[in-house]
Structure formats: C-alpha cells, structure tokens
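# Observations on the three-dimensional arrangement
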Amino acid sequence: MMRRVGLSQPQITDDEITEVTSVLRSGWITTGPKCAEFAADLARFVEAPRVELFSSCTDAIELALRSVDVDGGIVLTSAMGFPGTMHAIERAGGRPWLCDVDPATGLIDVDLLERMMNGNDVRAVIPVHLNGMPADMTAIDALCAGRDVAIVEDAAHALPASVDGRTIGDPSGPIGVRRLTAFSFQATKTLTTAEGGALTGPDDLLDEAVRWRLHGMSRDVWTRHASGGPTWRYDIIRPGLKSNMSDVHAAIGVAQLRRAWAAQSRRCWISGRYDVALGQLDGVDLLPRLPGRAWSRYVYPLFVDPARRNQYLEQLAAAGVGSSVYFIPLHEFSHFRDFYGDAIPGATEYSARHLAIPCHAAMSNDDVDYVVDQVTAVLTS
Ligand SMILES: Cc1ncc(COP(=O)(O)O)c(C=O)c1O
C-alpha cells in the first residue's frame, strides 16, 4: 500500500506544546528566561561552557565572522555548503573563496585548504560538517592555530557529532586555536526551534558577537528588565543586527533537547538498517564512515549513477518517498559563478551522485520498511 514518508519532519510532541503554552501565558514572550534555560541546557549537551542564541545559523556565522574581524580579508569555505554561509561572509566584509571537497564525503579537502592558505591573506576558514559528518577538525585546528586564522565551524547539520573525542561545539583545542561553532535549529534540523541558531566559542569572541546581536545595544531588554534599574537606559555601540531568539522559539528547543539523545539513537538505528539493506545494492555507495568521527545522520545520503540520479528522484517522489540533493555546489549559482567558473571538480562530482533519503526520528518502523522497499525497487529497476 502507498505511504507518504517525507524527507524530513519535525517531531513535535505534547512536551513542546506545553512548553510553548507556558511561555505564551507567562507575560514574557521575547528573549528572556526561556532563552537562558535553553542556552544552559544546550551548553551541557554540546559540552561548551557557554552558548549564545540567535535567530538563525546564518546570522550566528555572520556575527562570528564580525567577532574575529575578517574585514577585507579572505574567508575560505567549502564548495559543498549552503548559500547563507557565503552571504554571511559577504555581509561581514570578507572575500569568500571556495575550497573543493573530497568527492566521496563532500567534506573540505584539507590538503587543498593548506595550499590555498599559503601566501594569501586568509582571516578565517569555515568548514561545513555536511550531512552531519564532521570535517577533519584535528587537521584544520592544527593548520589554523599556527597562522592566526580563525575557524567558524558550520555545524548546521552536526548536532550531535564529535571528532577525535571532541564534541562539536566544545570550544577547547590546541594552543592558539580561535574556533567558534554555529548551529541551526531551522525546521528540518535534528533539533528545531522552528527557526534559530546558536554559537559557542571563546568568551571574548562570544562577547563581541553578542554586541552585534540586538541593534548594537549595550544591554538587551531582559537584562535591563531583570536588573531592577532603569529599563530605558542603554547605549548603541555598533550598527547591529536584529538577531535575537524569542522565548517562544527557545521553549520548543527546551522540549526538543530532552529527547535529543533518543532522537539520535533512533536516527542511528534507521541509518543502520539502510546500511545493511541498501549498501549491498549494485552501483550504490554509502557515505564512508571516517575513523574518530561520530555523526548526527541529519542527512542519510546514497551515491548513485549521476546519469540516472534525477530519474530516481522522480520515481521516489511518485512512490511517496521524499528525497533530495544536498547541495547544489555553491560555484554553480549565478551570484557566485563569475568568481569560480566551473573548475571545482570534487564538489561537482559529489553533488551529481548525491541522493538523500528520509532519516528522522518521526519515522515509524513501517515508514523505514517502506523506504527500504521503495528505494530498493527504484534503484534496481
Ligand atoms: C550547511 C548549512 N549551513 C547553514 C545553514 C543556515 O541555517 P539557518 O537557516 O538557521 O540560517 C543551513 C540551512 O539549511 C545549512 O544547511
């Protein structure tokens, strides 16, 4: 019997509804105590001493770049990434340069990254943890620490994930490393607040990012309200953004975080079923499992014949199974094309073979069986 299994679907339970309702009834719905609670819970989850919340990951990346001051310099990022990250670089006053990726994993090619850094005015590097699989952060930390190049991890897909024992979000690292990590809670992500983002990193850089977050005000509204002093007095110290999270959004996050490990183990179970059932099909490759890296399984990709990939997408849609491509390589968009031409071969190859299938905690066992059956039928037709 035909079913419909979406590529992604938020798992919203009574817990989220109760949390949101209690904020709505509390009389304080914008940035306030619920944001503080969510930030503290998230800090424990990602093993960071401090988390700052934003209205999106894109803004978190922009303000991370402003905090490390990339003005006029080069910011290197992965050609397999999301356009918002490129816009964040442009808005922060950096010059975006794309680095190619390993065509098997879609992760930034660290040898090429090193060559691109040599002799150039590189101020920051933004590795993208594509699909939720971390880039080789041990090598990237080592490369950047000695050169005074900042790192902003695009961890939009990587909650939770770890590399060589470091949880993505934990700001610790080798001496000299200046690393911030940006997360996304947009609706499709492993943990959602409907829309939202967060940043971890060293205190001085987070302090600077926060100065830009709310109109460049010296004190946010809740801090002024809670201090008991005059609520109207503040200074403007930056041409800031309007990028704060509201307590209504944070309330969803608080509830989501209580189930975050359960959701992760559910995605691990689903991806394990796919590994066994689909990994043995002719002409299908899986995402290579990399030593020392634990991944979120935000996206479960299959790598298929590029000549037939688009037809597979259509056949799966007709069978009720959501599927997609993460992503179109950045150099193929017209806004960026003029800078890069067509010469980013690893990203082109990776993207042409990529086919993402549903892997999320809202799936039932019957949904998983259905996806296995339909994907098998389509890929062996
Ligand atoms: C890799 C990557 N980086 C950044 C973002 C931007 O996240 P947000 O929508 O929270 O700004 C996304 C969004 O999908 C993404 O996939």
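Anyway, here's the lowdown on the structure attached to this text.

Procedures and definitions
- Residues numbered from 1 in each chain as written.
- Predicted model: local features only at pLDDT ≥ 70, side-chain atom pairs only at ≥ 80, totals over all residues.
- Heavy atoms only, no water.
- Helix = DSSP H or I, 4+ residues; strand = E, 2+ residues; numbered from the N terminus.
- Rg over C-alpha atoms; globule rule 2.2 N^0.38 Å.
- Buried < 20%, exposed > 50% of the residue type's maximum accessible area, 1.4 Å probe, protein only.
- Contact = heavy atoms within 4.5 Å.
- Areas by Shrake-Rupley, 256 points an atom, 1.4 Å probe, with all protein chains shown as cover.
- Phe/Tyr/Trp six-rings, centres within 6.5 Å; stacked < 30°, edge-to-face > 60°.
- Lys NZ or Arg CZ within 6 Å of the ring centre and 35° of its normal.
- Polar contact = N/O pair within 3.5 Å; in protein donor to acceptor, adjacent residues only side chain to side chain.
- Near = heavy atom within 4 Å.
- Nonpolar A, V, L, I, M, F, W, Y, C, P; charged D, E, K, R; others polar.

Of regular secondary structure, the protein possesses 14 helices and 13 strands. Radius of gyration (C-alpha) of the protein: 21 Å, near the 21 Å computed for a compact globule of 381 residues. Counting only C-alpha atoms and orienting by the principal axes, one finds that the protein spans roughly 70 × 55 × 40 Å. Buried positions account for 55% of the 381 residues belonging to the protein. Here the contacts in the protein between residues at least 6 apart in sequence split such that 74% fall between residues at least 24 apart. Carbon and sulfur atoms form 54% of the exposed surface of the protein, whose accessible area is close to 15,600 Å².

Within the structure shown, the criterion is met by seven aromatic pairs. Taken together, a centroid distance of 5.5 Å and an interplanar angle of 65° make the contact between Phe38 and Phe185 edge-to-face. On the criterion of sequence distance, the pair formed by Phe38 in helix H2 (residues 33-45) and Phe185 in the loop between strand S8 (179-184) and strand S9 (197-200) is long-range, its members being 147 residues apart. Judged by centre distance (6.0 Å) and plane angle (50°), the ring pair of Phe82 and Phe327 falls under tilted. Residue Phe82 is found in the loop between strand S2 (74-78) and helix H4 (83-91), and its partner Phe327 is found in the loop between helix H11 (309-318) and helix H12 (334-340); the two are separated by 245 residues along the sequence. For Phe82, a relative accessible area of 46% gives the class partly exposed. Three or more aromatic residues joined by ring pairs form one cluster here, namely Phe82, Tyr298, Tyr326 and Phe327. For the cation-ring pair, Arg66 lies above Trp212, with the distance from its terminal atom to the ring centre recorded as 4.6 Å. Residue placement shows Arg213 over the ring face of Phe54; its charged tip is 5.3 Å from the ring centre.

Here we come to the side chain of Thr31. Here Thr31 shows up in the loop between helix H1 (14-26) and H2. Only 2.6 Å separates the side chain of Thr31 from the backbone oxygen of Met245, close enough to count as a polar contact. When sequence neighbours within four positions are dropped, the list of residues in contact with Thr31 reads Trp222, Asn244, Met245, Ser246 and Asp247.

Turning next to the site of the ligand. In the region of the ligand, 14 residues are neighbours, and Thr58, Asp154, His157, Ser184 and Lys189 sit closest. At 2.7 Å, a side-chain N or O of His157 approaches an oxygen atom of the ligand. For the ligand, whose free accessible area comes to 400 Å², the fraction covered by protein is 91%. Within the shell around the ligand, the residues separate by chemical class into five nonpolar, seven polar and two charged.

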